[in-house]
Amino acid sequence: MKSQNSKVPIFVISGPSGSGKTTLAEILITSKKLKNKLIRSVSVTTRPKRQEEKRGKDYFFVSQGRFKHLVRVKKILEWTRYLGYYYGTPKSLVDKYLARNLSPVLCLDVKGALRIKKIYPLNAVTIFILPPKVQDLRLRIEKRSRLKPGEIRKRLEIARKEISLRKLYDYTIVNRDLKQASKCLRDIVLKELK
Ligand code: 5GP
């Protein structure tokens, strides 16, 4: 694994549910200007797979027992519990990417982002995606398929808490317009890769 002093940046993107962070991360990774520089890290989760998600691309879906085992044997770099499910970053993936000089892009909650910053203080670049208005968040979350009303309410509560912690990040992007926000994100990444 690359040392702490390695110049390979690790990009950590956070933002409340419905902020558009996953879409922005997808656009970023497929950017031609960043070809062979970035790679999306895939987390392990105990959350059930959504219809539109693909195993191994969006997440590695595992049982709670398997997740706990991975944490016990230290194969998980950082983890969180969100709405009753566990989510964690596989250590081996991040190690592998850094060794190949590829910058991992991680989409994590605030707890995960701060943890990565602590583990890799010289490499981590943290970026917070903010929705233009908190009212828009409800609409965006509601649009997401298969979310029950209770889950929408809880996601909104967590979103409000996360937004209050955005000052702890290196950068904040307001996702008012997807094209503009993705350009802004790409410019940050290009600057940090120099
Ligand atoms: P979702 O269920 O919407 O896919 O994800 C719920 C939350 O968990 C999001 O804020 C997402 O960024 C976060 N998340 C996903 N994977 C990880 C992970 O490996 N670690 C941490 N700390 N958060 C994660």
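Look a little higher up for the structure.
In the vicinity of the ligand, 17 residues are found, and the nearest of them are Ser 43, Arg 47, Tyr 59, Glu 78 and Tyr 87. Within the backbone of Gly 88, one N or O atom sits 3.2 Å away from an oxygen atom of the ligand. Using a 2 Å cut-off from the grid points, one finds that the ligand occupies the largest pocket. Tallied by class, the residues present in the shell around the ligand amount to five nonpolar, five polar and seven charged.

The full count for this structure, using the stated rule, is six aromatic pairs. Consider the rings of Phe 128 and Tyr 169, whose centres lie 5.1 Å apart with planes at 70 degrees: the pair is edge-to-face. You can see Phe 128 sitting in strand 8 (residues 124-130) and its partner Tyr 169 sitting in the loop between helix 6 (149-163) and strand 9 (171-174), a full 41 residues away along the chain. Judged by its relative accessible area of 0%, Phe 128 is buried. Of the aromatic side chains, those joined through ring pairs into one cluster are Tyr 59, Phe 61, Tyr 82 and Tyr 87.

Between its first and last C-alpha atoms helix 6 spans 21 Å; for 15 residues at 1.5 Å apiece the expected length is 21 Å, and the two agree. Where helix 6 is concerned, the buried positions are Ile 152, Arg 155, Leu 156, Ala 159, Glu 162 and Ile 163. Along helix 6, the residues classed as buried sweep out an arc of 125 degrees about the axis, all on the same side.

So, about the environment of Leu 28. Residue placement: Leu 28 occurs in helix 1 (residues 21-29). When its relative accessible area of 3% is taken as the criterion, Leu 28 is described as buried. Sequence-wise, Leu 28 and Leu 185 are 157 residues apart; in three dimensions their C-alpha atoms are separated by 7.3 Å. Beyond its immediate chain neighbours, meaning those up to four positions away, Leu 28 contacts Ile 13, Leu 34, Leu 38, Val 105, Leu 185, Arg 186 and Val 189.

A few words now on the sheet that holds strand 5 (residues 76-82). Hydrogen bonding along the main chain pairs the strands of a sheet, whether they run parallel or antiparallel. Strand order across the open sheet formed by four strands is 4-3-6-5, with mixed pairing between neighbours. Since the sheet does not close on itself, it has two edges, and those belong to strand 4 (59-61) and strand 5, each with one partner. The sheet shows a mean angle of 25 degrees between the axes of neighbouring strands, taken without regard to direction. Bridge count between strand 5 and strand 6 (residues 85-90): six bridges; the pairing is antiparallel.

Before going further, it helps to spend a moment on the sheet that holds strand 2 (residues 38-40). Sheet architecture is open: five strands sit in the order 2-7-1-8-9, paired in parallel fashion. The open sheet is flanked by strand 2 and strand 9, the only strands paired with a single partner. Adjacent strand axes in the sheet meet at a mean angle of 25 degrees when their direction is disregarded. Alignment of strand 8 against strand 9, held across four bridges, turns out to be parallel.

Our next topic: the layout of surface pockets. Over the atoms a probe the size of a water molecule is rolled, and this reveals where empty space is left. Here the largest pocket defines a volume of roughly 1000 Å³. Lining of the largest pocket is provided by 39 residues; of these, Lys 21, Thr 22, Arg 50, Tyr 59 and Arg 144 occupy positions nearest its centre. Elements with a contribution of two residues or more to the lining of the largest pocket: helix 1, strand 5, strand 6, strand 7 (103-107), helix 5 (134-143) and helix 6. Residues that form the lining of the largest pocket fall into these classes: 10 nonpolar, 12 polar and 17 charged. Taken as a whole, the second largest pocket spans an internal volume of roughly 350 Å³. Tyr 85, Arg 146, Leu 147, Lys 148 and Glu 151 are the residues nearest the centre of the second largest pocket, which is lined by 14 residues in total.

What counts and how
Within every chain, residues take consecutive numbers counted from 1 along the sequence as written. For this predicted model, a pLDDT threshold of at least 70 governs which residues receive local features, and a threshold of 80 or more governs which side-chain atom pairs are given and counted, while totals over whole chains, interfaces and linings are taken from all residues. Excluded from the side-chain calculation are hydrogens and water; included are all heavy atoms of the structure. Each residue is tested against the molecule or strand, and it is near if at least one of its non-hydrogen atoms lies within 4 Å. In the analysis that follows, any N or O atom pair within 3.5 Å is treated as a polar contact, provided that within protein one partner can donate a hydrogen and the other can accept it, and provided that, for residues neighboring in sequence, both atoms belong to side chains. Here a cavity means grid points, on a 1 Å grid over the protein atoms only, where a 1.4 Å probe fits yet cannot get out; a pocket means an open set of points with protein on both sides within 12 Å along at least five of seven lines; lining residues are those with an atom within 4 Å of a point. Grid points define the cavity or pocket, and a molecule sits in it when more than half of its atoms lie within 2 Å of them. Each residue is assigned to one of three groups, with Ala, Val, Leu, Ile, Met, Phe, Trp, Tyr, Cys and Pro labelled nonpolar, Asp, Glu, Lys and Arg labelled charged, and all others, Gly among them, labelled polar. Paired rings are identified among Phe, Tyr and Trp, the last through its six-membered ring, by centres lying within 6.5 Å, and are further divided according to the angle between planes into stacked (under 30 degrees), edge-to-face (over 60) and tilted (the rest). Strands are runs of DSSP state E lasting at least two residues, helices are runs of H or I lasting at least four, and both sets are numbered from the N terminus onward. Relative accessibility under 20% of the residue-type maximum defines a buried residue, over 50% an exposed one, and the middle range a partly exposed one, all with a 1.4 Å probe and only protein chains included. The length a helix should cover is 1.5 Å for every residue beyond the first. Taking the helix axis as origin, the arc is that swept by the directions to the C-beta atoms. In this analysis, two residues are considered to be in contact whenever any of their non-hydrogen atoms come within 4.5 Å of each other. At least two DSSP bridges between two strands are required for those strands to pair. To define axes, lines are fitted to C-alpha atoms, for helices over the stretch in contact only, and angles between the resulting N-to-C directions are given on a 0 to 180 degree scale. Grid points are joined across faces, edges and corners, and a volume is the space filled by probe spheres set on the points.

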